[in-house]
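Chains, contacts and geometry: an overview
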Amino acid sequence: QYRSELERVKNALFALEEQSSVATEYLSDAYAELSQATSQLGEVQNTMSFVRGVCEVMAQEHNEAELPALLISWYADYFGIERYSYMVPDQRGETLAICMSRGIANSIAEKVRVRIGQGIAGWVAHNRKPLLVRSVGESGVPHTHQDNYNSDSFLAVPVVHNDVMFGVLNLSNKKDGSLFGPADLDRAMLLTQWIAMSEERMQ
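Notes on the structure follow. (Residues numbered from 1 in each chain as written. Predicted model: local features only at pLDDT ≥ 70, side-chain atom pairs only at ≥ 80, totals over all residues. Heavy atoms only, no water.)

In this section: the sheet that holds strand S5 (residues 154-161). In spatial order, the strands read S3-S2-S1-S6-S5-S4; together these six strands make up an open sheet with antiparallel pairing. Both outer strands of the open sheet, strand S3 (113-115) and strand S4 (131-133), are each paired with one neighbouring strand and no more. Each strand of the sheet is rotated relative to its neighbour by a mean of 25°, with strand direction disregarded. Where S4 lies against S5, three bridges are found, and the strand directions are antiparallel. (Pairing = 2+ DSSP bridges. Helix = DSSP H or I, 4+ residues; strand = E, 2+ residues; numbered from the N terminus. Axes fitted to C-alpha atoms, helices over the stretch in contact; angles between N-to-C directions.)

So, about the environment of Asn170. Relative to the helices and strands, Asn170 is located in strand S6 (residues 164-174). Separated by 133 residues in the primary sequence, Asn170 and Ala37 place their C-alpha atoms 29 Å from one another.

All right, on to the side chain of Glu199 then. Checked against the element boundaries, Glu199 lands in helix H5 (residues 182-202). Of the side chains bearing the opposite charge, Arg201 lies closest to the buried Glu199, which forms no salt bridge; the N-O distance is 9.9 Å. For Glu199, the side chain forms a polar contact with the side chain of Tyr86, separated by 2.8 Å. Contact partners of Glu199, with chain neighbours within four places excluded, come to Pro68, Tyr86 and Phe166. (Buried < 20%, exposed > 50% of the residue type's maximum accessible area, 1.4 Å probe, protein only. Lys, Arg positive; Asp, Glu negative; His and termini not counted. Salt bridge = Lys/Arg side-chain N within 4 Å of Asp/Glu carboxyl O. Polar contact = N/O pair within 3.5 Å; in protein donor to acceptor, adjacent residues only side chain to side chain. Contact = heavy atoms within 4.5 Å.)

Dropping the structure here:
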């Protein structure tokens, strides 16, 4: 009787362990989904705060010629981006040169020239499409090493409005070391729209 009862208890414990294992797996999946949803909500809140902040900046009295630099600098401070460059085409529209930057020595920035269609910034300018790169090798675009990215993850976004290409904004090196993601790309594209409209008004 004791042996039979012991065997019954063992079987019951085994069944409980199996149920516990399945329940733990379900809970793990639910927690992962909750974490992802929380992260997405946080990104949305960051984006909304960013939009409100830009609206406040633009509502203040400012010099139109200084607005692109003001917006880019504010954006970099707000999202902890240590390195950026804003590249604009020359008069012939053949090459890009850096007109403002952070995290790049002036002696280097002054010499950088990227042909339209070549390299990452050149590809973005030619195709007028943004690039979100989480590692240099995944972009599919040949790197000229003239674009001045010194991190594996970066963004390159065209500044375009009414079918006119005003430049390319390059962002890299987050302070916290995290990779750029879709939310960063969305915010950068909002930023470049404001910059492009400002550039158009100046012209």
